[in-house]
Amino acid sequence: MKDQFGNYVIQKFFEKGSIQHKNMLFLVLKGKMGDLSLHTYGCRVVQKAIEELKDFPELQEELLQELNNKIMICIQDQHGNHVIQKCFESINSQKLCFIITEVIQNIDTLAFHPYGCRVIQKILEFCQPNETSKIYENLLINLINLCKCQYGNYIIQYIIEKKPGYNRDNILNVVKQNFVQLSLNKFASNVTEKSLFNSNDDYKMGVLEVLFNQLSNNYLDTGFIKLTKNAFGNYVIQKFYERSNFQVQKRICEYLFQNDDIYNDIISNNYGIAVFHIYIYIYIYIYIYIYIYIYIYIYVFKNKQIGKHVISQIEKSRVDQNQNKQNFNQGIQVKQQIENNLIFNNKITKSISQKRKNNCQ
């Protein structure tokens, strides 16, 4: 089970073997779950066992009980955390209450841990709302620090992207209120970008109001200008502009060009110039699309006039064709009538000739 290649054989036995094979392997695993779960190759066997013993819940539970006192060790281990994640993927969450309880008690540690954050995401994915409510409460309390954390920010991004509902709305409100502060941070800026990608126009308008608020008596001291000139914040502003509707884009442009001081302050910064380039490119694309639209409209309109002329000519030719057809039919009728008259005249001529012959005799 701990062999680099042999572990695949054991996994195949769990996957393709009979009930007897699985029972035999269960007996081998029993008492070794803790050790194997922390092993590079052994953890793969444990994961496969948990997955393939789903039809034998009593065996699953017996194996899980061996991890009862080693939950935190497994979660914080580079191999063991995958075993815990597999438990939530393969077993009903009601049977994993002892793991959820352990996570809630240590949420402040695990949420900032490189492997613990993965387990928390898996719990949020597979567990019921009543089982995760405490986790959301704790995450909301530490939201700002989590957003700024190298690992914790992934939990918040996951909730914003994958878990719509009341809890996400609460998180988005906090992110909006602290949008400037978070966008200036390397890791938290990923969260603010994610919030822009997964929110409606009302949220974006609210963010815009936060960005335009003056932070001091200096009218150049706004969140928008700060982010535009920041190494991380400028990317947020660029994405904000790209993902917004026309009304938001219009307000941003009006703000940028309302005052020469604002314009000069931004373009004097290397990051600010990058933001302006994005605006210019987008405007170029917009104008290109407008010109293409106008060209297509004119072309279609012109072709429409040509089309009308062609259709009228076709209709005219159809009328002429029908007229010719009628004339042709009339000609055939006249010809038939003439032929009938000739036949009738021939009959009369023959009849007269026959009478003359009879008279002569």
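Before reading further, recall that the structure is shown in the block above.
Overview of the structure. (Residues numbered from 1 in each chain as written. Predicted model: local features only at pLDDT ≥ 70, side-chain atom pairs only at ≥ 80, totals over all residues. Heavy atoms only, no water.)

Our next topic: the overall build of the protein. The number of helices and strands found in the protein is 22 helices and 0 strands. Long-range contacts, defined here as pairs at least 24 residues apart, represent 69% of the contacts in the protein between residues at least 6 apart. Per element, the accessible surface of the protein, about 21500 Å² overall, is 52% carbon and sulfur. (Helix = DSSP H or I, 4+ residues; strand = E, 2+ residues; numbered from the N terminus. Contact = heavy atoms within 4.5 Å. Areas by Shrake-Rupley, 256 points an atom, 1.4 Å probe, with all protein chains shown as cover.)

Let us now look at the layout of surface pockets. When its volume is computed, the largest pocket comes out at roughly 160 Å³. Pro129, Tyr136, Lys163, Pro164 and Asn167 are, among the 13 residues lining the largest pocket, the residues nearest its centre. Of the residues that constitute the lining of the largest pocket, the class distribution is 6 nonpolar, 4 polar and 3 charged. (1 Å grid on protein atoms, 1.4 Å probe; cavity = no way out; pocket = protein on both sides within 12 Å on 5 of 7 lines; lining within 4 Å. Points joined across faces, edges and corners; volume = space filled by probe spheres on them. Nonpolar A, V, L, I, M, F, W, Y, C, P; charged D, E, K, R; others polar.)

With that settled, consider the pattern of salt bridges. Should the charged atoms of two oppositely charged side chains come close, the side chains can pair. Under the defined criterion, the tally for this structure stands at 14 salt bridges. Residues Glu15 and Lys12 are paired through a salt bridge, measuring 3.7 Å at the closest nitrogen-oxygen approach. Of this pair, Glu15 and Lys12 both sit in helix α1 (residues 6–16), 3 residues apart, roughly one helical turn. Glu15 sits in the partly exposed class, given a relative accessible area of 33%. With a shortest N-O distance of 3.9 Å, Lys239 and Glu242 are connected by a salt bridge. Separated by 3 residues within a single helix, Lys239 and Glu242 lie in helix α19 (residues 233–243), roughly one turn from each other. (Salt bridge = Lys/Arg side-chain N within 4 Å of Asp/Glu carboxyl O. Buried < 20%, exposed > 50% of the residue type's maximum accessible area, 1.4 Å probe, protein only.)

So, about the nonpolar core. One finds Ile120, Leu124, Leu139, Phe179 and Leu211 to be the most contacted residues of the largest nonpolar core, which totals 81 residues. When residues no more than four places from it in sequence are discounted, the contact partners of Phe179 are Thr192, Ser195, Leu196, Tyr203, Val207, Leu211, Leu227 and Val236. (Core = buried A, V, L, I, M, F, W, Y, C linked by side-chain atoms within 4.5 Å.)

This part is about the environment of Glu161. Considering the arrangement of structural elements, one finds Glu161 in helix α13 (residues 152–162). Note: C-alpha distance between Glu161 and Phe197 (36 residues apart in sequence) is 8.3 Å. The contacts of Glu161, once residues within four sequence positions are left out, are Lys194 and Asn198. Of the polar contacts made by the side chain of Glu161, one reaches the side chain of Lys194; its length is 3.4 Å. (Polar contact = N/O pair within 3.5 Å; in protein donor to acceptor, adjacent residues only side chain to side chain.)

At 3.6 residues per turn, the α-helix brings residues three or four places apart onto the same side. Of all 11 residues making up helix α4 (residues 42–52), 9 are buried, and the element is well covered by its neighbours. All buried positions along α4 are accounted for by Gly42, Cys43, Val45, Val46, Gln47, Lys48, Ala49, Ile50 and Glu52. Residues of α4 that are buried make contact with α1, α2 (19–29), α3 (33–37), α5 (57–65) and α7 (80–90).

Bringing helix α11 (residues 129–141) into the picture now. Here α11 spans 18 Å end to end across 13 residues, near enough to the 18 Å set by a 1.5 Å rise per residue. All buried positions along α11 are accounted for by Glu131, Thr132, Ile135, Tyr136 and Leu139. Where α11 is buried, its residues contact α8 (97–105), α9 (107–110), α10 (116–126), α12 (143–147), α13 and α14 (166–177). (Expected span 1.5 Å × (residues − 1).)

This part takes up the packing of aromatic side chains. Per the counting criterion, the structure on display carries 3 aromatic pairs. Both rings, one in Phe212 and one in Tyr255, keep their centres 4.4 Å apart while their planes meet at 20 degrees; by these two values the pair is stacked. One end of the pair, Phe212, is in helix α17 (residues 201–212); the other, Tyr255, is in helix α20 (residues 246–257), and 43 residues separate them in sequence. Like Phe212, the residue Tyr255 is buried in the burial classification. For the ring pair Phe224 and Tyr255, a centre distance of 5.4 Å and an interplane angle of 75 degrees mean the geometry is edge-to-face. On the criterion of sequence distance, the pair formed by Phe224 in helix α18 (residues 223–228) and Tyr255 in helix α20 is long-range, its members being 31 residues apart. Exposure class is identical for Phe224 and Tyr255. Each is buried. Above the ring of Phe197, the side-chain terminus of Arg243 is found at 4.1 Å from the ring centroid. (Phe/Tyr/Trp six-rings, centres within 6.5 Å; stacked < 30°, edge-to-face > 60°. Lys NZ or Arg CZ within 6 Å of the ring centre and 35° of its normal.)

That's the geometry; what it means functionally is another story.
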